[in-house]
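Here's the letter readout for the chains.
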Amino acid sequence: GESVGLHLPTLSVQEGDNSIINCAYSNSASDYFIWYKQESGKGPQFIIDIRSNMDKRQGQRVTVLLNKTVKHLSLQIAATQPGDSAVYFCAEIQGGADGLTFGKGTHLIIQP
Amino acid sequence: SAVISQKPSRDICQRGTSLTIQCQVDSQVTMMFWYRQQPGQSLTLIATANQGSEATYESGFVIDKFPISRPNLTFSTLTVSNMSPEDSSIYLCSVGRRDTGELFFGEGSRLTVL
């Protein structure tokens, strides 16, 4: 089975609210994690990444949190906008590998 | 970020035929990968395209079905051979350098096999 998974297939939030998308991984050897956003008909777009020696990393309106104790990754999006509607995937690189292992994806829906 | 161009962007193919997808990058990149995304699903790594040597395939994918070429550091092709309807998917090229954390995707090639 997949080593990276997501808790919710769909997340609906009100425009302007903050959203949190969660991801669990099972391989403790994974040392690099990335969040991608995929809009309909497009390829995944790199959002933010984090290495296993970090707990938190912030970007513009996005924050990624890594909890290695429970093997949990989250993406926080502040003040969501209609353009944030997409499917969000977490991905990991397992130690020694180069390609990514993707989670199932969460469809973020922004309600007006 | 690298600009990645894939051709074709979409195609409708007949069962039993083969199709080659091209991936062109606007700069030299160390790593190139091919992924498959079946309808409504996540992405699955097919193989790592190695420049000047045979591709490295993931479990469940074989060279006879998905031959890959990478003649230089900016170009790769993926062929989907002897296609069946189960091969209907989006095929995505990805490039990057793991050490810098830059891993980017093309827009994908959507194949429908009848």
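For the structure itself, consult the block above.
Residues numbered from 1 in each chain as written. Chains lettered and ligands numbered in written order. Predicted model: local features only at pLDDT ≥ 70, side-chain atom pairs only at ≥ 80, totals over all residues. Heavy atoms only, no water.

K.L.:
How would you summarise the layout of surface pockets if you had to cite specific residues and measurements?
P.N.:
Of the pockets and cavities examined, the largest pocket occupies roughly 430 Å³. What lines the largest pocket is a set of 29 residues, among which Gln38 of chain A together with Gln37, Gly40, Ile90 and Arg110 of chain B lie closest to the centre. Every element with two or more residues in the lining of the largest pocket is listed here: β9 (86-94) and β11 (106-111) of chain A together with β9 (89-97) and β11 (109-113) of chain B. With four residues, the single largest contributor to the lining of the largest pocket is β11 of chain B. (1 Å grid on protein atoms, 1.4 Å probe; cavity = no way out; pocket = protein on both sides within 12 Å on 5 of 7 lines; lining within 4 Å. Points joined across faces, edges and corners; volume = space filled by probe spheres on them. Helix = DSSP H or I, 4+ residues; strand = E, 2+ residues; numbered from the N terminus.)

K.L.:
Let's hear about the sheet that holds strand β1 (residues 4-7) of chain B: which residues, and what values?
P.N.:
Residue and element names in this part refer to chain B. The four strands are arranged β1-β3-β8-β7 in an open sheet whose pairing can be described as antiparallel. Looking along the sheet, the strands with just one partner apiece sit at the ends: β1 and β7 (68-72). For this sheet, the mean angle separating the axes of adjacent strands, direction not counted, is 15°. (Pairing = 2+ DSSP bridges. Axes fitted to C-alpha atoms, helices over the stretch in contact; angles between N-to-C directions.)

K.L.:
Outline the packing of aromatic side chains, listing residues and values.
P.N.:
Aromatic ring pairs are described here by two measures, namely the spacing of the ring centres and the angle between the planes. Enumeration over the complete set of coordinates arrives at twelve aromatic pairs over all chains. Their ring planes at 90° and their centres at 5.2 Å tell us that Tyr36 of chain A and Phe105 of chain B sit as a pair that is edge-to-face. One end of the pair, Tyr36 of chain A, is in strand β4 (residues 30-38); the other, Phe105 of chain B, is in strand β10 (residues 102-105), on a second chain. The two residues Tyr36 of chain A and Phe105 of chain B agree in class, both being buried. (Phe/Tyr/Trp six-rings, centres within 6.5 Å; stacked < 30°, edge-to-face > 60°. Buried < 20%, exposed > 50% of the residue type's maximum accessible area, 1.4 Å probe, protein only.)

Everything listed here is a matter of coordinates, which is why it stays silent on function.
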